[in-house]
Amino acid sequence: MSNEEILHEKPLVVHESDHASHEHHKQSFISKYIFSQDHKMISRQFLVTGIIWAVIGGLFSVIFRLQLGFPDQTFPILEDLFGHWAQGGRLDPEFYYALVTMHGTILVFFVLTAGLSGTFSNYLIPLQIGARDMASPFLNMLSYWFFFAASIVMFSSLFLTTGPASGGWTIYPPLSALGDAMDGSKSGMDFWLASMALFIISTLLGGLNYITTILNMRTKGMFMTRLPLTIWAFLFTAILGVLTFPVLLSAVVLLLFDRHLGTSFYLSDIVINGKILPNQGGSPILFQHLFWFLGHPEVYIIALPAMGITSEVISTNSRKPIFGYMAMVGSFFAIAILSFLVWAHHMFVSGLNPFLGSFFVLFTLLIAVPSAIKVFNWLTTLWKGNIHFTPAMLFAIGFVSLFISGGLTGIWLGNSTLDLHLHDTYFVIAHFHLVMGVASMFGMFAGIYHWYPKMFGRFMNNTLSYMHFWTTFIGAYLIFWPMHYEGLAGMPRRYYDFSNWESFKMFAGLNTFISIVAMIVFAAQFLFIFNFFYSIYKGRKLTEKNKNPWAGTTMEWTTPIHPPHGNWIGEIPEVYRWPYDYGKDGRDYIPQTEPIGAEEKQH
Amino acid sequence: MNTFFLIAIIVLVFLVIFQISKASEYVSVLKGEEKSRKQNNKINAFLMIVFLILGLIGVWWCNDLFYHKTLLYVGSASSQGKMIDELMWITLIITGIVFFLTQILLFWFSFKYQESDKRKPLYFTHSNKLEIIWTGIPAITMTVLVVFGLKYWFKFTANAPKNAQVIEVTGHQFGWEFRYPGRDGILGRKNYKLVDPAKGNPLGVDWSDAASHDDIHVAATVHVVVNRPVKFVINSMDVIHDVGLPQFRMKMDAVPGTPTTEWFTPIYTTEEMKKRTGNPDFTYEIACDQMCGKGHFTMRGVIIVETQKEFNEWMIKQRPEYLRAKKFLANASADSTKTVAFVNQPAK
């Protein structure tokens, strides 16, 4: 773990190194574990914070699933836990909506953006491109601490008397702008907006750093075309984030103005609670444009890192080069560009000009093309491989399966004609949970299982990992697959109770089933969480012999088992080849750092 | 007490799992790690193919259980919805083929190419031919879907036919109001600042516009005529709502300050739908599909589709809203100083 340990393990190497840049000065607890500027420590901070948020966000979904699955029953324990929010053991509708809103916000922003991209961009960029750290370790540290501050603000909003924000994670005004419209739109919404502003700063600091690092700090020989696909994915993710998060900030600021300064950016002609408001001339649709200009690239901010990790893990464990490296990079690029041109497909029925809507149909369905290329390339990578089913590999294959299932329904929803029927139904819930929720979660799990030995110098328990995978994978399909049918019946999302609806009440039994599976899957995540924390201290240790446990070609495996701040002791190795020389010339793998042999054909 | 037992059982189950997992790790070290790794590999490869087979059976079973509960089973109740269903079937067939093809390949490859000492993995980095094929085919397919989709889209979003019955829909927390234009066929002007339920003007109709005097206002339930296009002019009084009509396959947001429209032609009366669905309680429901506050899930409206004759019988019984509001107007003009005061009175 510590630098001291490394000193004891391999004192010779350290003394041999005459580079002043990595003197192993003693670090205090605070500078090493808390205000650390080491990208590896920051990455672990993002990861652990993300895990904590994932548990909270997941728990919220279990609680609101109780209401959906068992609308007639009471659970006294809820009253013990939440007091007046669950009087008589039944969730208050206001609280139900608060849980739904927080579940979305937490999972989308805090877990799948900060937890996923924050963890792996930080961890892998310097290690895989051969840099000692990020371009600015200090900004990198700030990036985490802004995220931490955002977390604290969001977390404290849970304890407000009027509750946290509860107008849905998309916080459409006027609902979110008027305290009279809903309790959650009182101070809860201010906390939400403040937290999101801090979060946006964190993302920008991180993103600028990732881009600068990737462009400027690659080691000798690491041309852009020799970057592992993970790095390409992180690069595009960071670019998307830097270009779109500021737009969300503008939406947030204008909403704050409308809430507190009497402006009318989003408000017009409103009578609420018997009060006639003076605001006129604003447009709630403007907010939706601003929100989805971030909101749609955001789903690619979530999906691209998962795709990058999946590509890397599938290639490594098939013992075969990734198929169509340039096509993969090209499709990342295409997805990144197109993701800026599809935002209004969330707004087909919002009152948007239908003619304008038609362009968004076109671009949305076009984005299916690069996505299809990716899937076919992953399949071809598996073809004639020699597959090692490590836990990471299982999750990567799971990612591909979920991405196909969820991606194909995107073709339905992106077509405005079908969206007329399916918009805001459970079909949408099924679609985005499969394609970006669970799938990206799987990408994240694949990443954690794959790089855990590098991160902590120990292995996770395999049996627990396999159980974790199979329960989660089967559970995800059991939860979300039947939801398509509910959506095809027009069953709307964000309903607290369906029993008064002649058109939707026939799904009561199915809702109970889904809730039970959701609870089991949530419980199964503790297999992972226990495994993760237990193995940090008690897992089997890596030895010098198996310090590259998955026989990977990329540069991170050339560092010591516990890389010091600075990553390599002595010179940073030079790179001579692309990262996917698996199974070439009869050799299992050839590290990137190995020069091209005299007889060898360069890729 | 039950909760306590439940928690105790869950904790015990977890403890057992952890113990087994720890033990299995020791066993694998004893057996030789390489050997146990290969064993695990075989098990997982086998589970992959099991998952595929059970998954395909599950897909069929799920369809068997729930297909007849979807709206595709009875078909749409509007002529526009029929076209939407048609496109839905086209899309379903295309995405269905891709779904089965890719999922089967994924799990079949995973099983077939599991690690074996005999196999040398193929060093296969790219193939322009393959890549062109699977860029081209999706691109062409998507074009077909876009063309179909937009053809219908422009049809539905174009102006409603001239003979359409115009009805104004107003959403508010948490219910629906409807206004018919009356005999003159013109909806009277509205101004949200005139809203005053206590004075018989919950919608803020401007009575100085004579066209408003025969307008008919009904709450929660709207009557429309079968086989005649209906055009909803949609407003909202407070936050965004959405007029969701699942049986007609239509949806449109109600946006405060920005009127929107949606039109469709119902082709079955409510009575006919009761027979078609075999559900004697069948009703056409308007579901609010845009999160609008804590009563969102109760924001229900009803559409009664009936024959022209039934509609006329119903309509003749309705009285213009103006007649109810008139007496307040008389008072107001008698004491004009009070007309502004209602502005801040709370609604009931």
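The shown structure was predicted, so the numbers you read here are calculated from the model rather than taken from an experiment.

Engineer: I would appreciate a short explanation of the overall build of chain A in the present structure.
Structural biologist: Looking only at helices and strands, chain A features 19 helices and 4 strands. Relative to the globule expectation of 25 Å for 603 residues, the C-alpha radius of gyration of chain A, 25 Å, shows essentially globular dimensions. Taken along the three principal axes of its C-alpha coordinates, chain A extends 80 × 50 × 45 Å. Residues counted as buried form 64% of the 603 residues belonging to chain A.

Engineer: What's the story with the overall build of chain B in this structure? I'm lost.
Structural biologist: From N to C terminus, chain B includes 8 helices and 10 strands. Whereas a compact globule of 348 residues would reach a radius of gyration of roughly 20 Å, chain B reaches 31 Å, over 25% beyond that. Buried residues in chain B amount to 34% of all 348 residues.

Engineer: Would you explain the pairing of strand 10 (residues 300-306) of chain B in this entry?
Structural biologist: If a strand is regular, its side chains alternate between the two faces of the sheet. Residue and element names in this part refer to chain B. Covered by surrounding structure in strand 10 are Gly301, Ile303 and Val305 only, the residues Arg300, Val302, Ile304 and Glu306 on the alternate face being uncovered. Where strand 9 (residues 284-288) and strand 10 come together, 4 bridges link them in antiparallel fashion. The partner of Ile286 across the bridge, within strand 10, is Gly301.

Engineer: How should I be thinking about the packing of helix 6 (residues 93-129) of chain A against helix 8 (residues 187-216) of chain A in this particular structure?
Structural biologist: For any two helices packed against each other, the geometry is given by the interaxial angle and the distance between the axes. Residues and elements named next belong to chain A. At their nearest, the axes of helix 6 and helix 8 sit 11 Å apart, and the two run at 20° to each other. Of the possible angle classes, the one that applies to helix 6 and helix 8 is roughly parallel. When you trace helix 6 past helix 8, the crossing you get is left-handed. Between helix 6 and helix 8, the residues in contact are Phe109, Thr113, Ala114, Gly118, Ser121, Ile125, Pro126 and Ile129 and Phe199, Ser202, Thr203, Gly206, Tyr210, Thr213 and Ile214, respectively. Residues that form the contact of helix 6 with helix 8 fall into these classes: 8 nonpolar, 7 polar and no charged.

Engineer: Looking at this structure, how should I read the pairing of strand 4 (residues 221-225) of chain B?
Structural biologist: All names here are of chain B. Of all 5 residues making up strand 4, 4 are buried, and the element is well covered by its neighbours. Across 5 bridges, strand 4 lies against strand 10 in parallel orientation. Note that in strand 10 the partner of Val222 across the bridge is Ile303.

Engineer: Help me out: how do you make sense of the sheet that holds strand 3 (residues 216-219) of chain B in this one?
Structural biologist: The pairing of strands in a sheet happens through backbone hydrogen bonds and is either parallel or antiparallel. All names here are of chain B. With mixed pairing, the 5 strands of this open sheet are ordered in space as 3-2-1-5-8. Edge positions in the sheet fall to strand 3 and strand 8 (260-264), since each has one partner strand and no second. Each adjacent strand pair in this sheet contributes to an overall mean axis angle of 25°, direction not counted. In the sheet, strand 1 (residues 165-172) pairs with strand 2 (residues 175-180) via 5 bridges, with the strands oriented antiparallel. When the sheet's bridge partners are listed, Glu168 is paired in strand 2 with Arg179.

Engineer: Whenever I open this one, helix 7 (residues 137-157) of chain A confuses me. Can you help?
Structural biologist: Helical geometry note: an α-helix holds 3.6 residues per turn, so side chains three or four residues apart project in the same direction. Residue and element names in this part refer to chain A. Look at helix 7: 31 Å from first C-alpha to last across 21 residues, which is about the 30 Å you get at 1.5 Å a residue. Within the sequence span of helix 7, burial applies to Asn140, Met141, Ser143, Tyr144, Phe146, Phe147, Ala150, Ser151, Met154 and Ser157. Where helix 7 is buried, its residues contact helix 4 (39-69), helix 6 and helix 8.

Engineer: Can you help me understand the packing of helix 10 (residues 284-318) of chain A against helix 16 (residues 426-456) of chain A in this one?
Structural biologist: All names here are of chain A. Helix 16 packs onto helix 10 with a crossing angle of 45° between their chain directions and a minimal axis gap of 8 Å. Classified by the angle between their axes, helix 10 and helix 16 sit oblique to one another. Of the two possible hands of crossing, helix 10 and helix 16 adopt the one that is left-handed. Residues Val299, Ile302, Ala303, Pro305, Ala306, Met307, Ile309, Thr310 and Val313 of helix 10 pack against Met436, Ala439, Ser440, Gly443, Met444, Ala446, Gly447 and His450 of helix 16. Split into classes, the residues belonging to the contact of helix 10 with helix 16 amount to 12 nonpolar, 5 polar and no charged.

Engineer: Explain the sheet that holds strand 4 of chain B to me, please; I cannot follow it from the model alone.
Structural biologist: Residue and element names in this part refer to chain B. What the 5 strands build is an open sheet, ordered 4-10-9-6-7; its pairing is mixed. Among the strands making up the open sheet, the edge pair consists of strand 4 and strand 7 (250-254). Along the sheet, successive strands turn relative to each other by an average axial angle of 25°, direction set aside. Two elements, strand 6 (residues 241-245) and strand 7, share 5 bridges in a ladder whose sense is antiparallel. Note on strand 7: the bridge partner recorded for Asp242 is Asp253. Sitting on the sheet, helix 7 (residues 308-316) touches strand 4 and strand 10, and the angle it makes with strand 4 is about 140°.

Engineer: Even after reading the chapter, I still don't get the interface of chain A and chain B, so can you show me in this structure?
Structural biologist: Note: interface size is frequently given as the accessible area lost on complex formation between the parts. With 108 residues of chain A at the interface, the matching set in chain B holds 99 residues. The leading source of residues in the side of chain A that touches chain B is helix 14 (residues 391-413) of chain A, at 9 residues. Among the residues making up the side of chain A that touches chain B, the classes are represented as 66 nonpolar, 30 polar and 12 charged.

Engineer: What's the story with the domain arrangement of chain B in this structure? I'm lost.
Structural biologist: All names here are of chain B. Domain assignment breaks chain B into domain 1 (18-115 + 131-157) and domain 2 (165-329). Computed over C-alpha atoms, the centres of domain 1 and domain 2 are 42 Å apart. Across the boundary between the two partners, domain 1 contributes 9 residues, which contact 13 residues of domain 2. Broken down by element, the side of domain 1 that touches domain 2 gets its largest block of residues, 4 residues, from helix 4 (residues 79-112). Here the residues of the side of domain 1 that touches domain 2 sort into 4 nonpolar, 5 polar and no charged.

Engineer: Whenever I open this one, the environment of Gly163 of chain A confuses me. Can you help?
Structural biologist: Residue and element names in this part refer to chain A. Its place among the elements puts Gly163 in the loop between helix 7 and helix 8. For Gly163, a count of 25 C-beta atoms within 10 Å corresponds to the buried category. In this structure, the C-alpha to C-alpha distance between Gly163 and Lys186, residues 23 residues apart in sequence, is 8.4 Å. Setting aside residues no more than four positions away along its own chain, Gly163 makes contact with Glu94, Phe95, Ala98, Asp183, Gly184 and Gly188.

Engineer: Looking at this model, I keep getting lost on the confidence of the model for chain B. Mind explaining?
Structural biologist: Across chain B, the average pLDDT comes to 90, with 95% of residues at or above 70. Counted against residues more than four places away or in other chains, residues 334-348 of chain B, with its pLDDT under 50, gives 15 contacts.

Engineer: What is the right way to read the nonpolar core from this model?
Structural biologist: One broad trend across soluble globular proteins is that nonpolar side chains are buried collectively. Residues Phe395, Ala396, Phe399, Ala439 and Ala446 of chain A are the most contacted members of the largest nonpolar core, which totals 268 residues. Counting the residues that make up this core, at least three belong to each of domain 1 (18-115 + 131-157) and domain 2 (165-329) of chain B. When sequence neighbours within four positions are dropped, the list of residues in contact with Ala446 of chain A reads Ile309, Thr310, Val313, Ala392, Phe395, Ala396 and Phe399 of chain A.

Engineer: What am I meant to see in the environment of Arg226 of chain A here?
Structural biologist: Residue and element names in this part refer to chain A. Relative to the elements of secondary structure, Arg226 occurs in the loop between helix 8 and helix 9 (229-260). Residue class for Arg226 comes out partly exposed when judged on the 19 C-beta atoms lying within 10 Å of it. The spatial distance from the C-alpha of Arg226 to the C-alpha of Val575 is 8.5 Å, given a sequence separation of 349 residues. Leaving out residues up to four positions away in the same chain, Arg226 has contacts with Val575, Arg577, Trp578, Pro579 and Gln592.

Engineer: What should I look at first to understand unusual backbone geometry in this one?
Structural biologist: A negative phi angle characterises most non-glycine residues, just as the trans form characterises most peptide bonds. Here the amide bond leading from Pro173 of chain A into Pro174 of chain A is cis, since omega sits at 0°, within 30 degrees of zero. The omega torsion across Gln173 of chain B and Phe174 of chain B is -5°, close enough to zero to call that bond cis. Along the chain, Phe174 of chain B turns up in the loop between strand 1 and strand 2. Phi angles above zero are rare outside glycine, and Arg319 of chain A is one such case at about 55°. Arg319 of chain A gets classed as buried once you count the C-beta atoms within 10 Å, which come to 21. Positive phi, normally seen in glycine, also occurs at Asn567 of chain A, with a value near 70°. Summarising the element assignment, Asn567 of chain A is placed in the loop between helix 19 (508-538) and strand 3 (582-584). Taking the C-beta count within 10 Å as the criterion, Asn567 of chain A has 22 such neighbours and is therefore assigned buried.

Each value, and the rule that gives it
Residues numbered from 1 in each chain as written. Chains lettered and ligands numbered in written order. Predicted model: local features only at pLDDT ≥ 70, side-chain atom pairs only at ≥ 80, totals over all residues. Helix = DSSP H or I, 4+ residues; strand = E, 2+ residues; numbered from the N terminus. Rg over C-alpha atoms; globule rule 2.2 N^0.38 Å. Buried ≥ 20, exposed ≤ 12 C-beta atoms within 10 Å, placed from the backbone. Pairing = 2+ DSSP bridges. Axes fitted to C-alpha atoms, helices over the stretch in contact; angles between N-to-C directions. Parallel < 35°, antiparallel > 145°, perpendicular 65-115°, else oblique. Left-handed = near helix turned anticlockwise from the far one by under 90°. Contact = placed C-beta atoms within 7 Å. Nonpolar A, V, L, I, M, F, W, Y, C, P; charged D, E, K, R; others polar. Expected span 1.5 Å × (residues − 1). Domains from an automatic or database assignment. pLDDT = per-residue confidence, 0-100. Core = buried A, V, L, I, M, F, W, Y, C linked by C-beta atoms within 7 Å.

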